[in-house]
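# Examination of the molecular architecture
In case you want the letters, here they are:
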Amino acid sequence: MSSAHNDVVELILKDHRRMEELFRTMRNAEADRAGALAEFANLLIAHGEAEEEKVYPDLARRDPVDEDDVEHGVHEHQEGNEALLALLEIADTSSEAWDEKLEDLVAAVTHHLDEEERTLLNDAREHVPDARRAELAEAFVRSRAEHLEAACGSPANVRAVVERGKREGKSED
């Protein structure tokens, strides 16, 4: 049995739980909303990019993992990134507009987390051998760290990620 630090499924789930904690902080008007958003932006972009670079391609090649589920996950990353960019573009964290954009972000990301956990991650847990999940964990952690070191959650980078996603057809318009 894989331990949490060398199982890509457990690492992804850990990030998901941290995202949910950051949502709670961002919803709290008394909290450091801007600080929580900055951490969230870095985590969301690094996490999604690492999944798409290192995890999703491997899962898409496996039976019985549904390749459509992988593609749908990529589309949902794009939706989350677009919602993140919309929130990052509002400077006043105490404004009604900020609260509205936060709720759009929460809806997009929590929908994705729920679907990914029920489909891709359950399939990976059941059908990807422990040794391969450990290899994917190493690749995921390395990629995620590289993105975090590059300040991937900056508004300029999030905008670039969103635009790249549109060019690559990741949006489900």
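Residues numbered from 1 in each chain as written. Predicted model: local features only at pLDDT ≥ 70, side-chain atom pairs only at ≥ 80, totals over all residues. Heavy atoms only, no water.

### Things to note about the packing of aromatic side chains
The criterion, for reference: Centres within 6.5 Å are what make two rings of Phe, Tyr or Trp a pair, Trp counting through its six-membered ring; a difference in plane orientation under 30 degrees is then read as stacked, over 60 as edge-to-face, and the rest as tilted. Under the scheme used here, helices are H or I runs from DSSP no shorter than 4 residues and strands are E runs no shorter than 2 residues, and both carry numbers assigned from the N terminus. Each residue's exposure class comes from its accessible area (1.4 Å probe, protein chains only) as a fraction of the maximum for that residue type: buried when under 20%, exposed when over 50%, partly exposed otherwise.
Tallied over the full model, the rule gives one aromatic pair. Taking 4.8 Å as the distance between ring centres and 40° as the angle between the ring planes, the aromatic pair formed by Phe 23 and Phe 40 counts as tilted. Of this pair, Phe 23 sits in helix H1 (residues 8-27) while Phe 40 sits in helix H2 (residues 33-60), and the two are 17 residues apart along the sequence. Both residues of the pair, Phe 23 and Phe 40, belong to the buried class.

### As for H1
Defined as follows: In a helix, the anticipated span is given by 1.5 Å times the number of residues less one. Two N or O atoms count as a polar contact when they lie within 3.5 Å, although within protein this holds only if one can serve as hydrogen donor and the other as acceptor, and sequence-adjacent residues are included solely when both atoms are side-chain atoms.
The end-to-end C-alpha distance of H1, which contains 20 residues, comes to 29 Å, matching closely the 28 Å that a straight helix rising 1.5 Å per residue would cover. Considered for burial, the residues of H1 that qualify are Val 8, Val 9, Leu 11, Ile 12, Leu 13, Asp 15, His 16, Met 19, Leu 22, Phe 23 and Met 26. The opening residue of H1 is Asp 7, an N-cap whose side-chain oxygen sits 2.9 Å from the backbone nitrogen of Val 9.

The quantities given are spatial measurements derived from coordinates; they are silent on function.
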